[in-house]
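Each chain, written out:
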Amino acid sequence: MAGETTQTEARGDAEAKARATLLWRCWPDGEKSCPRCRTVAPYTLAEGRLRCGACRYTFHDFTGRWLNLSGLTPGQWLDLARAFALDANTREAAEAANISYNTAFKALTVLRLAILAQGTDARQLFGPKTGLGDLIRGGKLCPAPDTPVGEVPVYGILSQGQRVFVDMVPELTAESVLHFNHNFHLRVARLGHILLTDRYKTYDGLILCGDDRLPYHYLLRHQGLPFADSGSPFWLYARDRLRQFKGLSARRFPLYLKELELRFNRQGEDLLPLFLDALCAPIPAAALA
Ligand SMILES: [Zn+2]
């Protein structure tokens, strides 16, 4: 019995520490403000709730932030993010945080959305083209709708030295890639629903993830993958990871692509502080529109 009490106490301590870590990232200068109108110094109510003196909005410390889109405790979030920083897959991250696979899958979706929201292209990626915005409705994480995204977006891969940039190329669609392949012999390789192309304009290559509506049979296929000959460090890094993206839906694809960009650009760095900052950031209006 004594052992159990100590374990419970240790868990309680770990939770309190984890909560303090996340609180500090949410409110770095310790001054709290209303998530709606930004008025500072809210009243403290019972059970950790806060009320804005100006607009009367009742909230709590994590209201309106990414980490609040999941029911994970601060300790579970920390364990999950730590595992993910070490490149754990969903199953491994679930074990590390002692949560179910489905809960971990949802929480990692939140973390990937939060990472994507940190990018300068977040507004574009949360726009109507990707359908990513459908994953967050009414301030909640939602299952992806069955309806496919409209036109399949195309992303360009651009290397500069040891860094890579993955940008949406708004003027292109999956159909244009098929057209370039057929009529202009742009080399294209296929990995499941993913298409990868050879160099295109300033890009090292184009990449997209379509769905069954795309006429893949129309492709003039080439042996091998286009990037393979290019000696691109990004390609060497990405090729095995992309193979694991085979079952991804078109809607979730940009989440994994931006994660890949970040992991490549930050090799050798501790990703945990970056992940925690992303989780503690307010969800931008662009993601909720
Ligand atoms: Zn307010």
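Residues numbered from 1 in each chain as written. Predicted model: local features only at pLDDT ≥ 70, side-chain atom pairs only at ≥ 80, totals over all residues.

A.B. asks: Describe helix H8 (residues 253-265), and please don't skip the residues or the numbers.
C.D. replies: Taking 1.5 Å per residue as the helical rise, H8 with its 13 residues ought to reach 18 Å, and the 19 Å between its terminal C-alpha atoms agrees with that figure. Phe-253, Pro-254, Leu-255, Leu-257, Lys-258, Leu-260, Glu-261 and Leu-262 are the residues of H8 that are buried. Taken together, the buried residues of H8 touch helix H4 (101-117), helix H5 (122-125), strand S6 (153-160), strand S7 (163-173), strand S10 (205-209) and helix H7 (233-243). (Helix = DSSP H or I, 4+ residues; strand = E, 2+ residues; numbered from the N terminus. Expected span 1.5 Å × (residues − 1). Buried ≥ 20, exposed ≤ 12 C-beta atoms within 10 Å, placed from the backbone. Contact = placed C-beta atoms within 7 Å.)

A.B. asks: I'd love a proper account of the pairing of S6, names of residues and values included.
C.D. replies: Direction of pairing for S6 relative to S7: antiparallel, over a ladder of seven bridges. Each bridged residue has a counterpart across the sheet, and for Gly-156 the counterpart in S7 is Asp-167. Here S6 folds back onto S7 in antiparallel fashion, the turn holding two residues, of which Gly-161 has a positive phi close to 60 degrees. (Pairing = 2+ DSSP bridges.)

A.B. asks: Account for the nonpolar core, with residues named and values stated.
C.D. replies: The biggest cluster of nonpolar side chains holds 42 residues, and the ones touching the most others in it are Leu-80, Ala-81, Leu-111 and Leu-279. Counting only elements with at least two residues in this core, the list comes to helix H1 (2-26), helix H2 (74-85), helix H3 (90-97), H4, H8 and helix H9 (272-280). When residues in this core are grouped by element, the largest group, 10 residues, is from H4. Every residue in contact with Leu-279, bar those within four places of it in the chain, is listed here: Trp-66, Leu-67, Trp-77, Ala-81, Leu-111 and Ala-114. Membership of the second largest hydrophobic core comes to 30 residues, among which are Val-149, Leu-206, Ala-250 and Phe-253. (Core = buried A, V, L, I, M, F, W, Y, C linked by C-beta atoms within 7 Å.)

A.B. asks: Explain H2 residue by residue, including any values.
C.D. replies: Here H2 contains 12 residues, and its C-alpha end-to-end distance of 16 Å stays within 8% of the 16 Å for a straight helix at 1.5 Å per residue. Among all positions of H2, only Pro-74, Gly-75, Gln-76, Trp-77, Leu-78, Asp-79, Leu-80, Ala-81, Ala-83, Phe-84 and Ala-85 are buried.

A.B. asks: Give me the lowdown on the sheet that holds strand S1 (residues 43-44), citing residues and values where you can.
C.D. replies: The three strands are arranged S1-S2-S3 in an open sheet whose pairing can be described as antiparallel. Edge positions in the open sheet fall to S1 and strand S3 (58-59), since each of these has one partner strand only. Relative to S3, strand S2 (residues 50-51) runs antiparallel, the two being bridged by two bridges. Its bridge partner lying in S3, Arg-51 is registered against Thr-58.

A.B. asks: Before we move on, could you go through the packing of H4 against H8 and cite the residues and values that matter?
C.D. replies: Direction vectors running N to C along H4 and H8 enclose 65 degrees, while the axes themselves pass 9 Å from each other. For the pair H4 and H8, the crossing hand works out as left-handed. Counting all contacts with H4, which are made through Arg-112, Leu-113, Ile-115 and Leu-116, the residues of H8 involved are Pro-254, Leu-255, Lys-258, Glu-259 and Leu-262. Of the residues assigned to the contact of H4 with H8, the class counts are six nonpolar, no polar and three charged. (Axes fitted to C-alpha atoms, helices over the stretch in contact; angles between N-to-C directions. Left-handed = near helix turned anticlockwise from the far one by under 90°. Nonpolar A, V, L, I, M, F, W, Y, C, P; charged D, E, K, R; others polar.)

A.B. asks: Can you explain the packing of H2 against H3? Please cite residues and give values.
C.D. replies: Put simply, H2 and H3 touch, their axes get as near as 8 Å, and they point 145 degrees apart. The element H2 and its partner H3 pack so that their crossing is right-handed. The segment H2 lies against H3, with Gln-76, Asp-79, Leu-80, Arg-82, Ala-83 and Phe-84 engaging Glu-92, Ala-93, Ala-96 and Ala-97. Among the residues forming the contact of H2 with H3, the class breakdown is six nonpolar, one polar and three charged.

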